[in-house]
Amino acid sequence: AQSVTQLGSHVSVSEGALVLLRCNYSSSVPPYLFWYVQYPNQGLQLLLKYTTGATLVKGINGFEAEFKKSETSFHLTKPSAHMSDAAEYFCAVTLTNTGNQFYFGTGTSLTVIP
Amino acid sequence: DTEVTQTPKHLVMGMTNKKSLKCEQHMGHRAMYWYKQKAKKPPELMFVYSYEKLSINESVPSRFSPECPNSSLLNLHLHALQPEDSALYLCASSHEHWDRASVRGYTFGSGTRLTVV
């Protein structure tokens, strides 16, 4: 069985502070990993993804994530939070043996304090 | 065109009504998906279409009936829904081969906010 765990359903940071959103996966096969952002009343927007190659992945809006196989993690970071970063963030995984299915984490709601 | 367009954006329907949600993409994707998302929850996969054929049905009640009339369109027909079916319904599309889908990404629409009264 596989799962995606996002530690912390709510994260609050001050504007300008580091953003760290945690994602761990459990998988016995190589995963493809994604971070999506969802603003209120909107669909999901892809922030970044890891498939193969460089384990440090840069995405849109200054976000980046690092795939650490030894830790089965794919944490999302941004050096300096902006008010516009307040949103729901979902980590997701597809596995190399399950075809066209996404497995989403439970999500992390990010609040940015002025 | 790199978008998935969903209509309507908002829908209120009674429990005896029949309505349809529509989804359209022109990216040449041959895999399309319906997801249901409750507030503060992750999207839950409902259906997957590949080459206009239903490939995955995640044990969705029959009051939800998907249809894929062509490679660009995906519909979700609704009938005799319950108040607990109120949610955001998201459509997505991707390349039909999972590895290319994963590399190129899945594209989501903005969703239809459904309220059943």
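The preceding data block contains the structure.
Read on for an overview of the structure.

Quick notes on the overall build of chain B
Step number 1: Counting its secondary structure elements, chain B contains one helix and eleven strands.
Step number 2: Going from N to C terminus, chain B has its helices and strands arranged as β-β-β-β-β-β-β-β-β-α-β-β.
Step number 3: Taking 2.2 N^0.38 as the reference for a compact globule, 117 residues should give roughly 13 Å; the C-alpha atoms of chain B span a radius of gyration of 14 Å, in line with that estimate.
Step number 4: Each principal axis of the C-alpha distribution contributes one length, and for chain B these read about 40 × 25 × 25 Å.
Step number 5: Classification of the 117 residues of chain B by burial places 48% in the buried group.
Step number 6: By sequence separation, contacts in chain B at least 24 residues apart represent 56% of the contacts at least 6 residues apart.
Step number 7: Summed over its atoms, the accessible surface of chain B is roughly 5,700 Å², and 49% of this surface lies on carbon and sulfur atoms.
Step number 8: The distance from the centre of the 14 positive side-chain charges to the centre of the 11 negative ones in chain B is 5 Å.

Remarks on the packing of aromatic side chains
Step number 1: Applying the stated criterion across every chain yields a total of 14 aromatic pairs over all chains.
Step number 2: Taking 6.3 Å as the distance between ring centres and 85° as the angle between the ring planes, the aromatic pair formed by F34 of chain A and Y106 of chain B counts as edge-to-face. Placement of F34 of chain A in strand β5 (residues 31-38) and of Y106 of chain B in the loop between α1 (98-104) and β10 (107-108) is noted, with the two residues assigned to different chains.
Step number 3: One aromatic cluster is present, formed by F34, Y36, F90 and F104 of chain A together with Y33, Y35, Y106 and F108 of chain B through successive ring pairs.

Regarding the sheet that holds strand β7 (residues 64-70) of chain B
Residue and element names in this part refer to chain B.
Step number 1: Strand order in this open sheet of four strands is β1-β3-β8-β7, and the pairing throughout is antiparallel. Each having just a single partner strand, β1 (4-7) and β7 make up the two edges of the open sheet. On average, adjacent strands in this sheet sit at an angle of 20° to one another, irrespective of strand direction.

Description of the nonpolar core
Step number 1: Counting residues in each nonpolar core, the largest one holds 26 residues, and the members touching the most others are W35, L48, L76 and Y89 of chain A.
Step number 2: If you list the elements that add at least two residues to this core, you get β2 (10-14), β3 (19-21), β5, β6 (44-50), β8 (64-68), β9 (73-78), β10 (87-95) and β12 (108-113) of chain A.
Step number 3: A per-element tally of this core places β10 of chain A first, with four residues.
Step number 4: Aside from chain neighbours lying at most four places away, what touches L48 of chain A is L33, F34, W35, V57, K58, G59, F63, E64, A65, F74 and L76 of chain A.
Step number 5: One finds V4, M13, L21 and L76 of chain B within the second-largest nonpolar core, a separate group that totals 22 residues.

Overview of unusual backbone geometry
Step number 1: Looking along the chain, the bond that leaves T7 of chain B and enters P8 of chain B is cis, with omega of -10°.
Step number 2: Along the chain, the position of P8 of chain B falls in the loop between β1 and β2 (10-13).
Step number 3: Even without a glycine there, the phi angle at T72 of chain A is positive, about 45°.
Step number 4: Mapping T72 of chain A onto the fold places it in the loop between β8 and β9.
Step number 5: Even without a glycine there, the phi angle at S59 of chain B is positive, about 55°.
Step number 6: Looking at the element boundaries, S59 of chain B is found in the loop between β6 (53-57) and β7.

Rules used in this analysis
- Residues numbered from 1 in each chain as written.
- Chains lettered and ligands numbered in written order.
- Predicted model: local features only at pLDDT ≥ 70, side-chain atom pairs only at ≥ 80, totals over all residues.
- Heavy atoms only, no water.
- Helix = DSSP H or I, 4+ residues; strand = E, 2+ residues; numbered from the N terminus.
- Rg over C-alpha atoms; globule rule 2.2 N^0.38 Å.
- Buried < 20%, exposed > 50% of the residue type's maximum accessible area, 1.4 Å probe, protein only.
- Contact = heavy atoms within 4.5 Å.
- Areas by Shrake-Rupley, 256 points an atom, 1.4 Å probe, with all protein chains shown as cover.
- Lys, Arg positive; Asp, Glu negative; His and termini not counted.
- Charge placed at Lys NZ, Arg CZ, Asp CG, Glu CD.
- Phe/Tyr/Trp six-rings, centres within 6.5 Å; stacked < 30°, edge-to-face > 60°.
- Pairing = 2+ DSSP bridges.
- Axes fitted to C-alpha atoms, helices over the stretch in contact; angles between N-to-C directions.
- Core = buried A, V, L, I, M, F, W, Y, C linked by side-chain atoms within 4.5 Å.

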